[in-house]
Amino acid sequence: MMTLLPACPLFAAHGPWSSTLHDSLFATHAPLLSVGWLAPAMLGWLAVAAAPLLIHLWSRRNYRETSWAAMECLLAAMRRQTRRIRFEQWLLLAVRTLLVVLVVVAVAEPRLESAWPTVSPGGRVHRILAIDGSYSMGYQLGGKTRFDRAKDVARRIVQESSAGDAFTLVLMGAQPRLSATAVDAAAMLDEIDRLRLPHAGANLRATVALVRRVVESVGREKPRWMRHEVYLVTDMQRASWSPAAAEPARADFLRQSGELARAASLVVLDVGQPAENRAVTSLELLEWPVTVGRSVSLRVRIKDFGLQGRKGQPVELRVDGRRMERKEMDVPPGGEASATFDHRFRSPGEHLVEVCAPGDALEVDNCRRLAVPVREAVRTLCIEGRPAGGAFHGAADYLAVALAPRAGQAGPSEHAPVQADVAPESAILERNLANYDGLFLCNVAQFTASEAKAVDAYLRAGGNVILFLGDQVSAERYHRALGVAGMPAGLGLLPAEIGPLVEQPQLRLDPLGNRHPILQAFRGRGQASLLTTPVFKHYRLKTLDGSRAVTVLKLADGDPLIVEQPVHRGRVIVVATSAEPSWTALPLWPSFVPLVQEMVAYCLAGEMRQRNLTVGEPIETPATTGRTLAVQAADGRTSPMTTRIAEDSLLSYADTSESGVYTVRGGTPSEHDQLFAVNVDTMEGDLSRVEPETLRSRTWTGVPFAYRSIRPDAAEAGIRVAVDGGTALPTELLWAALGLLLVETWLGWKMGYHDPAIVPGLDEGVDA
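Please read all numbers here as calculations on a predicted model, not as lab measurements. (Residues numbered from 1 in each chain as written. Predicted model: local features only at pLDDT ≥ 70, side-chain atom pairs only at ≥ 80, totals over all residues. Heavy atoms only, no water.)

## Regarding the overall build of the protein chain
Here is the rule: Numbering of helices and strands runs from the N terminus, with a helix taken as a DSSP run of H or I at least four residues long and a strand as a DSSP run of E at least two residues long. Here a residue-residue contact requires only that any non-hydrogen atoms of the pair lie within 4.5 Å. Using a 1.4 Å probe, accessible areas were evaluated by the Shrake-Rupley method; residue-level cover was limited to the displayed protein chains.
Across its full length, the protein chain carries 18 helices and 37 strands. Long-range contacts, defined as pairs at least 24 residues apart, comprise 73% of the intrachain contacts of the protein chain with a sequence gap of at least 6. Total accessible area on the protein chain stands at roughly 36400 Å², and carbon and sulfur atoms take up 55% of it.

Put into C-alpha cells, the structure is as follows:
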C-alpha cells in the first residue's frame with residue numbers, strides 16, 4: 001500500500017513534451033510514481049478518442065421535428081424515462097471513448113515507474129553502473145562528498161538486485177575506465193568500495209562509447225542476460241554534460257547514444273545540487289630562472305565561479321611546508337582577483353611552493369603548487385667556431401659578456417647569475433654537456449656525426465641549444481648532419497631550413513609586436529627596443545609548413561631573424577646572423593644583453609613546464625643505461641617508472657590521476673630526488689549544472705532516458721534505491737481494452753441499442 005505525501009504528485013509524464021512541467025513540479029519532491037513512454041509518437045492517435053463524442057453530438061441533430069399526434073403519446077412516455085436514457089447514453093459514450101484511449105496508450109508502450117523502482121521479478125538483468133569521476137564530485141555536503149553518495153547509490157542498486165544479475169562498473173572520467181564486470185554481488189561491492197575519485201574532468205562522449213561497447217560485448221557473449229540497464233550516477237556538472245560544440249563530434253555522440261538507448265534502458269541519477277565554489281586558477285613565477293639569493297615574484301589568481309564572491313578571502317604562501325606569508329583578497333562575484341608574493345630562496349635544490357585559499361566545500365582546487373628547482377647559478381657553454389687570438393675576436397666572447405656582464409651592466413632588468421664558459425668546437429665531445437643549462441654554438445662550420453649525436457642526446461636530456469650563424473657555416477652540412485624538423489634527412493634538430501646568404505643591409509627589425517616571451521623585456525621601451533638595429537648580413541631562414549617553429553623576430557624585408565622550436569625535451573633557437581659586429585651592430589647595442597639573457601630564461605622555462613603538470617599528464621625523465629627510478633605518488637604509493645623505448649628513451653610514470661606532489665627518487669645515493677607538482681584543470685571548478693530540460697533538448701536530443709534527482713538526505717532518510725526501469729503496461733492495457741469491449745457489447749444488448757427495431761422507452765409508452 002502506498003501513502004501519498006502532501007504536495008507530492010503521484011504521476012509525472014517523462015517525455016520530451018513534458019520535461020519543463022516535470023522539472024517544475026519535482027524541484028523539491030521526487031515523484032512516487034511516473035509514466036514513461038517507449039513509443040510516444042503513437043500518442044497522437046489519442047485524437048481518435050474524440051470520434052464517439054463527435055458521433056454522439058452529430059446524431060443529436062440528425063432529425064427534423066414534425067408535429068404528429070401519435071408522437072405526443074410516445075413523448076409523454078419517454079419523458080418519464082429521460083434520466084435513465086441519458087445515463088445509459090453517457091455510460092456507453094464513456095466506455096467507447098475509454099476503449100479507444102486504452103488501445104492508443106497500449107500501442108505507445110507506457111512503463112509504470114516510481115522514484116525508487118523495485119526489482120523486476122524474473123529474467124536476468126545486466127546493470128552497468130557508470131559513476132561520474134569528475135573532480136566536482138568531491139564537493140562536500142554534510143560531511144559526505146557527492147562521490148561518496150554516488151557510491152552509496154551504486155551499492156544499493158547491487159544489494160537490491162536479484163540473484164543471477166550481472167554488474168559492470170565504469171568510472172566516468174577524462175579517460176573512462178572499465179573497472180570490473182561480475183555476477184557476484186559481494187565482489188562488485190568490493191570494487192565499488194575501492195573506487196577512488198580522480199582529480200580530472202569527465203568525458204561523456206567517450207563514456208557512452210565505452211558503455212555501448214560493453215553492452216554489445218555482453219549481449220554477444222552472454223545472451224542469457226536479456227535486458228541491459230545503464231545507470232549514470234552524476235552531479236550534472238556543466239563541463240561534463242554540455243553538448244559537443246563541433247557538429248561532427250555532436251552527430252557521432254548522438255548516434256552512439258541512440259544506439260545505446262535502443263540496446264539498453266538509460267537512467268540518469270542526479271546526486272548534485274546548486275553550489276558555489278572558488279578556485280586557485282593559477283600560480284606562476286614572474287622571473288626565471290631561480291637562483292640562490294635572488295628575489296622572485298609569484299602571482300596567484302583566484303576565481304569565483306558563483307554569484308556570491310568573497311571579501312577578505314585568506315590566501316597563504318607556503319614554501320617546503322612552512323607558512324611564509326598570508327594575505328586577504330576581495331574576490332568579486334563571478335570574477336577574478338590576483339595577488340603577488342615575493343620570496344628569496346636561501347639554498348639550492350628542489351623546493352615546493354604552495355598557495356592555498358581555503359573556505360569552500362570543494363577542497364581539491366583550493367590549493368595550487370609549483371615545483372621549483374633552484375640553482376646556484378645558470379651555467380652556459382659558448383662554442384667558438386672560428387677561434388682567434390685576443391679578446392673579442394670571436395662571436396663567443398660577445399655572448400659570454402652578454403650572459404655574465406660585470407656588476408652594474410646587467411641591462412634594463414635584474415637577471416639571474418650566469419656562468420659562461422668559452423671553448424673551441426672540440427668541447428662538444430670532450431665536456432659533459434649535461435653540466436650546462438644552455439649550449440651556444442657560434443659560427444660552427446659543420447658537425448661530425450659524433451658531434452650531431454652528442455647535441456641530439458643533450459636535447460633529449462632537456463638541454464637547450466642556441467645557434468648563431470656566421471661566415472664559417474655550411475648550410476648543406478648543417479642540413480645533412482643536424483637535419484631540419486619535418487624533413488626526412490638528418491636528426492630533425494633545426495627549426496628552419498638555412499637558405500642563401502643575403503648581403504643587403506637591413507636597418508630596421510620587425511619585433512612582431514613583442515608578442516614572443518623572448519621579447520617581453522622590450523615591451524613599452526620605445527627607442528630602446530630592437531627596432532633600429534642594423535643587420536648587414538644574414539642567412540635566409542625558411543620554416544616548413546606544419547612545423548612547430550615560431551618566428552620570434554623578423555627583418556624589415558620579411559625574412560626571419562630568430563626562429564625557435566621545441567626539440568625532444570629541450571629547445572633550439574637559430575639566429576640568422578652572427579654574434580660579432582662584422583655582420584650586425586647588435587652585439588654593440590644595449591639591447592643585446594637582455595635579448596641573450598631572455599633567450600636563456602625562455603629555454604629554461606621549459607624545465608618548469610616539465611616539472612609542473614596537469615592531472616593526467618605523464619611524469620617523464622631521461623632514461624640512461626642501468627638507471628632505475630621510482631615515483632612516490634601524491635597518495636604515498638611508490639611505483640617504478642617504465643621505459644618508453646619507442647619515444648626518446650624516456651622513463652615515464654602515467655598514473656597522475658590525483659593532484660599533489662610526486663617525488664622521483666633516484667636509484668643511487670648520488671642521484672637527488674626530483675619534485676613534480678600535479679595540479680587540477682580548474683575548468684571543473686565551475687559547479688553550474690545542466691538542468692534536465694537542457695539535457696533532453698540539447699545534450700541528448702531525441703534519446704529516450706529516465707531522469708531521477710536524488711536528494712542529499714536520501715541515504716539518511718532510508719529511501720530505497722531504484723534498480724529497475726519500471727513495469728511495462730501494454731499487455732495489461734490491451735486486456736483492459738478487451739474487457740471494455742465485452743462490457744460495451746453487453747451494455748448495448750442490455751439496453752437494446754444494438755436492435756434497430758427497438759426504441760428505448762417504446763414499450764413503456766405503449767404500456768402507458
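## Considerations on the state of the cysteines
Two cysteines joined by a covalent bond between their sulfur atoms form a disulfide. Our working definition: Any two cysteine sulfur atoms lying within 2.5 Å of each other are counted as a disulfide.
Evaluated as defined, the whole model comprises one disulfide. Through a disulfide, Cys 356 is tied to Cys 367; the S-S separation comes to 2.1 Å. Handedness of the Cys 356-Cys 367 disulfide follows from its S-S torsion of about 115°: it is right-handed. Highlighted residues: Cys 356 in strand S16 (residues 349-356) and Cys 367 in strand S17 (residues 367-374), separated in sequence by eleven residues.

## As for the side chain of Thr 281
Inclusion rule: Using a 1.4 Å probe on the protein chains alone, a residue whose accessible area is under 20% of its type maximum counts as buried, one over 50% counts as exposed, and one in between counts as partly exposed.
The topology assignment puts Thr 281 in strand S11 (residues 278-285). Residue classification places Thr 281 among the buried residues on the basis of a relative accessible area of 16%. Residue contacts for Thr 281: discarding those within four places in its chain leaves Arg 301, Ile 302, Lys 303, Phe 305, Glu 336, Arg 368 and Thr 682.

## A short note on the packing of aromatic side chains
To keep things clear, this is the line we draw: Any two rings among Phe, Tyr and Trp, with Trp reduced to its six-membered ring, count as a pair given centres within 6.5 Å; such a pair is stacked if its planes are under 30 degrees apart, edge-to-face if over 60, and tilted if neither. Only lysine NZ and arginine CZ atoms are considered, and such an atom sits over a ring when it is within 6 Å of the ring centre and within 35 degrees of the ring normal.
Applying the stated criterion across every chain yields a total of five aromatic pairs. Relative to Tyr 478, the ring of Phe 447 lies with its centre 5.2 Å away and its plane at 75°, an arrangement referred to as edge-to-face. One end of the pair, Phe 447, is in the loop between strand S20 (438-442) and helix H12 (449-460); the other, Tyr 478, is in helix H13 (residues 475-481), and 31 residues separate them in sequence. For the pair shown, Phe 447 and Tyr 478 are each scored as buried. In textbook terms, an aromatic cluster arises when at least three aromatic residues are bridged by ring pairs, as seen for Trp 241, Trp 700 and Phe 705. When the ring centre of Phe 341 is taken as origin, the NZ or CZ atom of Lys 327, which lies over that ring, is 4.8 Å away. For the cation-ring pair, Arg 379 lies above Tyr 436, with the distance from its terminal atom to the ring centre recorded as 4.7 Å.

## Points about the packing of helix H5 (residues 146-159) against helix H6 (residues 185-194)
What counts, and what does not: The axes used here are C-alpha line fits, helices contributing only the stretch in contact, and every angle between their N-to-C directions lies in the interval 0 to 180 degrees. Here the word oblique covers every angle except those under 35 degrees (roughly parallel), over 145 (roughly antiparallel) and from 65 to 115 (roughly perpendicular). Lys, Arg, Asp and Glu make up the charged group, whereas Ala, Val, Leu, Ile, Met, Phe, Trp, Tyr, Cys and Pro make up the nonpolar group; the residues left over, Gly among them, are polar.
Relative orientation of the contacting elements H5 and H6 amounts to 180°, with a least axis distance of 10 Å. The orientation of H5 with respect to H6, classified from their angle, is roughly antiparallel. The residues of H6 that touch H5, namely those facing Lys 151, Ala 154, Arg 155, Val 158 and Gln 159, are Ala 185, Met 188, Leu 189, Ile 192 and Asp 193. Per-class residue counts for the contact of H5 with H6 are six nonpolar, one polar and three charged.

## Focus: the sheet that holds strand S4 (residues 124-132)
To keep it simple, the criterion reads: By this definition, two strands are paired if DSSP reports at least two bridges between them.
Spatially, the six strands line up as an open sheet ordered S8-S7-S4-S9-S10-S36, and their pairing is mixed. One side of each edge strand has no neighbouring strand; the edge strands of this open sheet are strand S8 (177-182) and strand S36 (706-709). Strand-to-strand twist in this sheet, taken as the mean axis angle between neighbours without regard to direction, amounts to 20°. Contacts from helix H7 (residues 204-221) reach S4, strand S7 (166-172), S8 and strand S9 (225-234), with the element oriented near 160° to S9.

## Observations regarding the nonpolar core
How we decide: Residue types Ala, Val, Leu, Ile, Met, Phe, Trp, Tyr and Cys, when buried and joined through side-chain atoms within 4.5 Å, form a set referred to as a nonpolar core.
Residues Val 372, Phe 440 and Tyr 478 are the most contacted members of the largest nonpolar core, which totals 101 residues. By residue number, the principal contributor to this core is helix H14 (residues 592-611), which donates eleven residues. Filtering out sequence-adjacent residues up to four positions away, Tyr 478 remains in contact with Val 444, Ala 445, Gln 446, Phe 447, Leu 467, Leu 469, Val 473, Gly 483, Leu 494 and Ile 498.

## Quick notes on the pairing of strand S14 (residues 322-331)
Taken together, the eight bridges between strand S13 (residues 310-319) and S14 define a ladder with antiparallel strand orientation. In the strand pairing of S14, Arg 310 is matched with Val 331. Adjacent in sequence and paired antiparallel, S13 and S14 are bridged by two residues, among which Asp 320 carries a positive phi angle near 55°.

## Digging into the confidence of the model for the protein chain
Put simply, the rule reads: A residue's pLDDT is simply how confident the predictor is in it, with values from 0 to 100.
Here the protein chain averages 82 in pLDDT, and 79% of its residues register 70 or above. Considering only residues more than four positions removed or in separate chains, one finds that residues 715-727, a stretch of pLDDT under 50, has 47 contacts.

## Observations regarding the environment of Val 631
Topologically, Val 631 is positioned in strand S30 (residues 630-632). On the basis of relative accessibility, which here comes to 0%, the residue Val 631 falls in the buried class. Along the backbone, Val 631 and Val 664 are 33 residues apart, and their C-alpha atoms lie at a distance of 4.5 Å. Not counting chain neighbours up to four residues away, the residues in contact with Val 631 comprise Ile 619, Arg 637, Thr 638, Ser 639, Met 641, Tyr 653, Tyr 662, Thr 663 and Val 664.

## Concerning unusual backbone geometry
Comment: phi is negative for the bulk of residues other than glycine, and the bulk of peptide bonds are trans. At the junction of Trp 288 and Pro 289, the peptide bond is cis and its omega measures out at 5° in the coordinates. Tracing the sequence through the fold places Pro 289 in the loop between S11 and strand S12 (295-304). If you check the backbone angles, Asn 443 has positive phi at about 55° while not being a glycine. Along the chain, the position of Asn 443 falls in the loop between S20 and H12. The phi torsion at Leu 512 lies on the positive side, around 55°, for a residue other than glycine. Here Leu 512 shows up in the loop between strand S23 (509-510) and strand S24 (538-542). Judged by its relative accessible area of 18%, Leu 512 is buried.

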